[in-house]
Amino acid sequence: MKITAAKVFVNSPGRNFVTVMIETNEGIVGFGDATLNGRELAVSSYLKEYLIPCLINRDPFDTEDIWHYFYRGVYWRRGAVNMTAIGAIDMALWDIKGKALGVPVYKLLGGKSRQKLLAYTHAQGKNIADTIEKVGEKLAIGYKAVRVQSGIPGLEKIYGIGNEKRTYEPAIQGERPQEESWNTEKYLNFVPSLFGQIRQNYGDGVHLLHDCHHRLTPIEAARLGKELEPFKLFWLEDTVTAELQKDFELIRKHTTTPLAVGEVFNTIYDCQYLITQQLIDYIRMTVAHGGGITPMMKVASLAALYHIKTGCHGPSDLSPINLAACLHFGMAINNFGIQEYMGYTEATMKAFTFEHMFSDGYFELSDKPGLGVGLNIDEAEKHPYKKAYLPINRLEDGTLYHW
Ligand code: GCO
Ligand code: MG
């Protein structure tokens with residue numbers, strides 16, 4: 001089998017997505033998600049100009065060699081644009097392999113390690129009362145695990161809290177990023193009482209998660225983790241930026257709250273120290289940004305040695321193709337932890353076909369060959385790309401901070 005062509009689609013059905021479609025001489029096509037929120041055209045151009053020409057005439061079954069060809073071959077290793085492009089190609093090749101052999105991708109990776117995959121969703125509210133209500137709505141539709149974010153008294157616009165009714169969407173259309181503002185003290189003084197009240201309302205039978213979105217220093221993270229211990233979180237996510245992996249040593253010394261990190265990581269080297277020193281409990285790298293299924297299987301194997309589970313990033317700013325890839329990956333490994341799932345807009349679900357079943361808080365995988373997902377090209381092409389940026393974040397005195 002030979003690769004004959006590959007195309008890149010950049011569309012905005014509900015929001016911007018970048019999709020790669022690889023074609024073969026046997027008529028089988030594979031799909032990969034190359035979306036990098038706020039930097040879509042960089043990945044698309046990188047794929048079109050540099051990677052796709054080198055794919056032509058390659059055997060799509062050679063995923064290991066093709067991955068190394070692009071990873072080592074570029075010389076300039078790592079980086080989100082580079083790794084997302086490689087990730088999309090790798091995903092599409094596994095899709096082709098599954099379709100060519102007539103089996104779902106998970107059967108090629110290790111088979112069925114469980115019957116269904118636990119998912120967590122988001123609940124966010126303007127204040128505690130509103131947030132309690134939103135958590136209740138998610139539990140009522142069957143979710144067993146909910147990530148809880150709330151507006152903070154005294155802070156106007158913050159991460160995780162949208163103004164509209166629809167799913168939270170951080171990327172805003174325009175020629176420059178919008179600005180949000182931040183005050184860590186206000187946040188730290190508020191969050192424990194939020195979780196106290198959520199537990200009071202819903203008891204211990206629900207998994208609660210929370211995302212700090214990289215905004216704390218290690219000692220602040222240690223304080224928060226410690227104060228949240230009575231509320232038994234499933235995980236506390238992205239406390240610190242994790243550029244300095246040793247930060248987690250300090251946090252770990254002070255708290256038993258489980259820690260999750262990794263949505264902005266793109267190679268195994270980004271989490272090697274965190275894993276081998278047992279400084280985290282969940283690794284949140286995702287297939288698209290982590291360079292594909294091929295390297296993610298290695299991340300999972302390393303993590304398994306150290307009792308660390310997966311919790312793949314799965315926001316609505318990655319397409320259903322990435323979600324499908326994460327589900328096949330999660331199904332096949334022993335140390336699957338949980339899968340993030342925010343749902344998609346109607347426009348997104350019209351542009352993508354998605355064969356997997358979600359009910360009662362769990363995903364069940366379809367046995368369709370390949371990844372069980374695709375792009376409805378005519379529908380997607382009705383929605384042209386519109387430039388949108390993720391926000392930037394400043395402290396109240398104007399200092400540029402982490403978003
Ligand atoms: C999450 C993430 C997202 C990111 C977003 C950026 O845990 O789902 O933190 O909300 O901010 O994916 O594009
Ligand atoms: Mg996050």
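Computed from a prediction, not measured in an experiment: that's the story for all the values here. Within each chain, residue numbers correspond to sequence positions counted from 1 in written order. Lettering for chains starts from A, numbering for ligands starts from 1, and both go in the order in which the items are written. In keeping with the predicted nature of the model, local features appear solely for residues at pLDDT of at least 70, side-chain atom pairs appear and are counted solely at 80 or more, and the whole-chain, interface and lining totals rest on all residues. In computing side-chain properties, one takes all heavy atoms of the structure into account and sets aside hydrogens as well as water.

**Points about the overall build of the protein chain**
Defined as follows: Numbering of helices and strands runs from the N terminus, with a helix taken as a DSSP run of H or I at least four residues long and a strand as a DSSP run of E at least two residues long. Residue burial is assigned from relative accessible area. The probe radius is 1.4 Å, only protein chains are included, and a residue is buried under 20% of its type maximum, exposed over 50%, and partly exposed in between. Contacts are residue-level and defined by heavy atoms, with any inter-residue pair within 4.5 Å sufficient.
The helix and strand inventory of the protein chain stands at 13 helices and 20 strands. Principal axes of the C-alpha set define a box for the protein chain whose edges measure 60 × 45 × 45 Å. Here the protein chain, with 403 residues, has 59% of them falling under the buried criterion. Nonlocal contacts in the protein chain, meaning residues at least 24 apart in sequence, comprise 73% of its contacts between residues at least 6 apart.

**Some words on the state of the cysteines**
Stated formally: Disulfide assignment relies on a single distance test, namely cysteine sulfur atoms paired within 2.5 Å.
What the rule picks out here adds up to zero disulfides. Of the cysteine sulfurs around cysteine 312, a residue in no disulfide, the closest is that of cysteine 326, at 3.9 Å.

**Here's the deal with the pairing of strand β1 (residues 3-11)**
Within a regular strand, side chains alternate between the sheet's two faces. Going by this rule: Two strands qualify as a pair provided that DSSP identifies no fewer than 2 bridges between them.
As paired elements, β1 and strand β2 (residues 17-24) share eight bridges and run antiparallel to each other. Its bridge partner being in β2, valine 10 is matched across the sheet by valine 18. Hairpin connection of β1 to β2: five residues between the antiparallel strands, including glycine 14 at a positive phi of 95°.

**Side note on the layout of surface pockets**
Note the following rule: Site definitions follow a grid-based scheme: protein atoms alone, a 1 Å grid, a 1.4 Å probe that fits but cannot get out for cavities, and for pockets an open set with protein on both sides within 12 Å along at least five of seven lines, plus lining residues having an atom within 4 Å of a point. Grid points are joined across faces, edges and corners, and a volume is the space filled by probe spheres set on the points. For this scheme, ten residues count as nonpolar: Ala, Val, Leu, Ile, Met, Phe, Trp, Tyr, Cys and Pro. Four count as charged, namely Asp, Glu, Lys and Arg, and the remainder, Gly too, count as polar. Start and end positions for the domains come from either an automated domain assignment or a database one.
Estimates place the volume of the largest pocket at around 980 Å³. Around the largest pocket, the lining comprises 35 residues; the ones closest to its centre are His214, Glu263, Val264, Leu390 and Trp403. Looking at the lining of the largest pocket residue by residue, the classes come out as 14 nonpolar, 13 polar and eight charged. Both domains that meet at the lining of the largest pocket, namely domain 1 (3-103) and domain 2 (108-368), each give it at least three residues.

**Side note on the site of ligand 1**
Using the following cut-off: One heavy atom suffices: a residue is near a molecule or strand as soon as one of its heavy atoms comes within 4 Å of it. Pairs of N or O atoms within 3.5 Å make up the polar contacts considered here, provided that, within protein, one atom can donate a hydrogen while the other can accept it, and that residues adjacent in sequence are counted only when both atoms are side-chain atoms. Only the protein chains shown count as cover for residues, with accessible areas throughout obtained via the Shrake-Rupley method and a probe of 1.4 Å. Any molecule with more than half of its atoms within 2 Å of a cavity's or pocket's grid points is counted as sitting in it.
Residues in contact with ligand 1 amount to 15 residues; listed here are only the nearest, Tyr159, His213, Glu237, Glu263 and Glu340. One nitrogen or oxygen atom from the side chain of aspartate 211 is found 3.0 Å from an oxygen atom belonging to ligand 1. In isolation ligand 1 offers 340 Å² of accessible surface; the protein chains occlude 95% of this area. More than half of the atoms of ligand 1 fall within 2 Å of the grid points belonging to the largest pocket. Split by residue class, the shell around ligand 1 holds four nonpolar, four polar and seven charged.

**Considering the coordination of the magnesium ion (ligand 2)**
Spelled out, the test is: Metal coordination here is assigned from N, O and S atoms located within 2.8 Å of the ion, or within 3.2 Å for Na, K and Ca; omission of water means that sites may look incomplete.
Those donors, Asp211 (OD), Glu237 (OE) and Glu263 (OE), are the protein atoms that reach the magnesium ion (ligand 2), and they lie 1.9 to 2.2 Å from it. Sequence spacing among the residues donating to the magnesium ion (ligand 2) works out to D-x25-E-x25-E. One end of the pair, aspartate 211, is in strand β8 (residues 207-211); the other, glutamate 263, is in the loop between β10 (259-261) and α9 (272-276), and 52 residues separate them in sequence. Assigned by exposure class, aspartate 211 and glutamate 263 land together as buried.

**Considering the domain arrangement of the protein chain**
Threshold: When two parts are brought into contact, each loses some accessible area as probed by a 1.4 Å sphere; the total of that loss over both is the buried area. For this analysis, a salt bridge means a side-chain nitrogen from Lys or Arg found within 4 Å of a carboxyl oxygen belonging to Asp or Glu.
Domain boundaries assigned for the protein chain yield domain 1 (3-103) and domain 2 (108-368). Here the C-alpha centre of domain 2 lies 26 Å away from the C-alpha centre of domain 1. Tallying the contact residues gives 30 residues for domain 1 and 33 residues for domain 2. Summed over both partners, the interface of domain 1 with domain 2 comes to about 2,400 Å²; 62% of that surface belongs to carbon and sulfur atoms. The interface formed by domain 1 and domain 2 includes three salt bridges. Between arginine 78 and aspartate 270 there is a salt bridge, with its nearest N and O atoms 2.6 Å apart. Linking domain 1 to domain 2 there are eleven residue pairs in polar contact (both at pLDDT 80 or more). At eleven residues, the largest contribution of residues to the side of domain 1 that touches domain 2 is made by helix α3 (residues 80-101).

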